[in-house]
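Given next are the chains, with one letter for each unit.
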Number of protein chains: 2
Amino acid sequence: MIWVVGAGICQGQITERGRELLRRADVVYGSRRAFELMNVEVKEKRILTRFDDSVFEEIAREGAGKEVVVLSTGDPMVAGLGRRIRGIDAEVEIEPGISSVQLALAKLKVDLTEVVVVDCHARDFDSSLLDFLRYRHLLILADRRFDLTKLGKRRVVILENLCMENEMVREDFADSAEIKSDYTIIFLEKEVVE
Amino acid sequence: MIWVVGAGICQGQITERGRELLRRADVVYGSRRAFELMNVEVKEKRILTRFDDSVFEEIAREGAGKEVVVLSTGDPMVAGLGRRIRGIDAEVEIEPGISSVQLALAKLKVDLTEVVVVDCHARDFDSSLLDFLRYRHLLILADRRFDLTKLGKRRVVILENLCMENEMVREDFADSAEIKSDYTIIFLEKEVVE
């Protein structure tokens, strides 16, 4: 059996259910960062530096006979591992965790039902998504490759490195701002059409 | 100081950070259901049966001198208390929790960045939202007043009472389905345009 468990993104953000799954597991896979977010004793720790097909095949093989947990920073279903793991040939259950999206919404005091969340990690921003601004705010998960000029001269809130040492939240205009972190969230306000 | 803390929606789903905030608080407000989801000793428990303006005024007054926690089932920023509390005149911080949306996505194995989340609790469904189906799946938070005929003959997945005793997940067609719970999530798949 394979459990993909959300580790949250701040220290101590794992849920009690998540912690219990980790304690019971025979093997726990995760990035160094995911393990650093929590203080849990596990039977066998496997630190991953990459998540490619061969890793997922290994996890699937092992999950056939053991209780395997795969840690996912944030929530497995928010631009996370869950989507990648749904393709593997094994029984997989997902245990949610707190995502950077939730942290951003908490800081902005904006509700999830007021936004559309866009994943631009390692992928280009499709400008047609700006059409959503007639109905919703946009919350874009970005890395430093993100091309801000695609957002025009719009006012943005840039949330960087949430819950990390160098966390920063700032307002700016897209045509003059710069993205310096691969852990960036860009907030664009809904545009009221007259 | 006022903290709005997400309680999650399943037993033991509170985060370690949330639990710590509850332990330290002078007063904790919450619904009976929110308190039932956790096993935490608190100094002073105030069970709320309604969340109206007078309650928020009381909380704001008390938060001026004490450490006050307001429990919100799920996540405060997912069709939650956070949005209502942003209007009150007091310093408010939000601590995220696991929402029913995350649980639904975990069951459906669908990523948050593939959906648009719509809040139809105690409000009508705006049919123009169906336009989103060209780009995204829809995840609708509904109660038993929800008018399914507004979704046409589309295939839906209905997730009812997640993490409750009578949890049920079923596939159906909108024109023949029936909603029996006020804790319902309706999933509509994105429509591929040829």
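Residues numbered from 1 in each chain as written. Chains lettered and ligands numbered in written order. Predicted model: local features only at pLDDT ≥ 70, side-chain atom pairs only at ≥ 80, totals over all residues. Heavy atoms only, no water.

Notes on the overall build of chain A
Okay, so step 1: Counting secondary structure elements, chain A contains five helices and ten strands.
Okay, so step 2: For a compact globule of 194 residues, the expected C-alpha radius of gyration is about 16 Å, and chain A comes in at 18 Å, within 12% of that figure.
Okay, so step 3: Long-range pairs, those at least 24 residues apart, make up 59% of the contacts in chain A with a sequence separation of at least 6.
Okay, so step 4: Total accessible area on chain A stands at roughly 9000 Å², and carbon and sulfur atoms take up 44% of it. (Helix = DSSP H or I, 4+ residues; strand = E, 2+ residues; numbered from the N terminus. Rg over C-alpha atoms; globule rule 2.2 N^0.38 Å. Contact = heavy atoms within 4.5 Å. Areas by Shrake-Rupley, 256 points an atom, 1.4 Å probe, with all protein chains shown as cover.)

With respect to the relation of the copies chain A and chain B
Okay, so step 1: Overlaying chain A with chain B gives an RMSD of 0.0 Å, the required rotation being 180 degrees about an axis along which the chain moves by 0.0 Å. In short, the pair behaves as if placed about a two-fold rotation axis. Proximity to the rotation axis, assessed at the C-alpha, singles out Thr-15 of chain A in chain A; its C-alpha lies 2.0 Å from the axis.
Okay, so step 2: Here 100% of the interface residues in chain A have copies in chain B that are interface residues too; the copies meet face to matching face. (Least-squares fit on C-alpha atoms with pLDDT ≥ 70 in both.)

As for the pairing of strand S8 (residues 155–160) of chain B
Residues and elements named next belong to chain B.
Okay, so step 1: Taken across its six residues, S8 has five buried, putting it largely inside the fold.
Okay, so step 2: Bridging between S8 and strand S9 (residues 168–173) involves six bridges; their strand directions are antiparallel. Within S9, the position partnered with Leu-159 by the bridge is Val-169. (Buried < 20%, exposed > 50% of the residue type's maximum accessible area, 1.4 Å probe, protein only. Pairing = 2+ DSSP bridges.)

Some thoughts on the packing of aromatic side chains
Okay, so step 1: Summed over all chains, the structure comprises seven aromatic pairs over all chains.
Okay, so step 2: Taken together, the ring pairs in this structure connect Phe-132 and Tyr-135 of chain A together with Phe-132 and Tyr-135 of chain B into an aromatic cluster.
Okay, so step 3: Sitting above the plane of the Phe-35 of chain A ring, Lys-45 of chain A keeps its charged end 5.0 Å from the centroid.
Okay, so step 4: Lying over the aromatic face of Tyr-183 of chain B, Arg-33 of chain B brings its terminal NZ or CZ to 4.9 Å of the ring centre. (Phe/Tyr/Trp six-rings, centres within 6.5 Å; stacked < 30°, edge-to-face > 60°. Lys NZ or Arg CZ within 6 Å of the ring centre and 35° of its normal.)

Details of the sheet that holds strand S6 (residues 115–120) of chain A
Residue and element names in this part refer to chain A.
Okay, so step 1: Here five strands make up an open sheet; going across it, the order is S6-S7-S10-S8-S9 and the pairing mixed. Looking at strand neighbours, the two that pair on one side only are S6 and strand S9 (168–173), the edges of this open sheet. Direction aside, the axes of adjacent strands within the sheet are offset by 20 degrees on average.
Okay, so step 2: The pairing of strand S8 (residues 155–160) with strand S10 (residues 184–188) spans five bridges and is antiparallel. Its bridge partner lying in S10, Val-157 is registered against Phe-187.
Okay, so step 3: Helix H5 (residues 100–108) contacts S6, strand S7 (137–142), S8, S9 and S10 of the sheet and is inclined by roughly 135 degrees relative to S7. (Axes fitted to C-alpha atoms, helices over the stretch in contact; angles between N-to-C directions.)

Let's talk about the pairing of strand S4 (residues 68–72) of chain B
Residue and element names in this part refer to chain B.
Okay, so step 1: With five of five residues buried, S4 is to be regarded as a mostly interior element.
Okay, so step 2: Residue alternation in S4 divides its side chains into two sets, Val-68, Val-70 and Ser-72 and Val-69 and Leu-71, and both sets are buried.
Okay, so step 3: Sheet topology places strand S1 (residues 2–6) next to S4; five bridges connect them, and they run parallel. Counterpart to Gly-6 in the pairing with S4 is Ser-72.

Re the state of the cysteines
Residues and elements named next belong to chain A.
Okay, so step 1: Taken as a whole and judged by the stated rule, the model has two disulfides over all chains.
Okay, so step 2: Here Cys-10 connects covalently by a disulfide to Cys-163, the sulfurs 1.8 Å from one another. Its S-S torsion of about 100 degrees marks the bond between Cys-10 and Cys-163 as right-handed, since a negative value means left-handed. Residue Cys-10 is located in the loop between strand S1 (2–6) and helix H1 (16–24), and its partner Cys-163 is located in the loop between S8 and S9; the two are separated by 153 residues in the primary sequence.
Okay, so step 3: What makes Cys-10 buried here is its relative accessible area of 1%.
Okay, so step 4: Among the residues examined, Cys-163 registers a relative accessible area of 30% and is labelled partly exposed. (Disulfide = S-S within 2.5 Å.)

Topic: the sheet that holds S4 of chain B
Residues and elements named next belong to chain B.
Okay, so step 1: Taken in spatial order, the five strands of this open sheet run S3-S2-S4-S1-S5, and their pairing is parallel. Each of the sheet's edge strands pairs with one partner strand only, and the pair in question is strand S3 (45–47) and strand S5 (92–95). Across the sheet, the mean angle from the axis of one strand to that of its neighbour is 20 degrees, orientation sign disregarded.

Points about the nonpolar core
Okay, so step 1: In this structure, Val-70, Val-101 and Leu-112 of chain A together with Val-70, Val-101 and Leu-112 of chain B are the most contacted members of the largest nonpolar core, which totals 72 residues.
Okay, so step 2: Apart from the residues lying within four places of it in its own chain, the contact partners of Val-70 of chain A are Ile-2, Trp-3, Val-4, Val-5, Tyr-29, Phe-51, Ile-59, Leu-81 and Ile-85 of chain A. (Core = buried A, V, L, I, M, F, W, Y, C linked by side-chain atoms within 4.5 Å.)

Description of the side chain of Arg-170 of chain A
Residue and element names in this part refer to chain A.
Okay, so step 1: Here Arg-170 lies in strand S9.
Okay, so step 2: Classification of Arg-170 as buried rests on a relative accessible area of 17%.
Okay, so step 3: Within polar-contact distance, the side chain of Arg-170 engages the side chain of Glu-160 at 2.8 Å.
Okay, so step 4: At 2.9 Å, the side chain of Arg-170 and the backbone oxygen of Glu-178 are in polar contact.
Okay, so step 5: Residues contacting Arg-170, with those up to four places away along its chain left out, are Val-156, Val-157, Ile-158, Glu-160 and Glu-178. (Polar contact = N/O pair within 3.5 Å; in protein donor to acceptor, adjacent residues only side chain to side chain.)

All quantities given are derived from atomic positions and should not be read as evidence of function.
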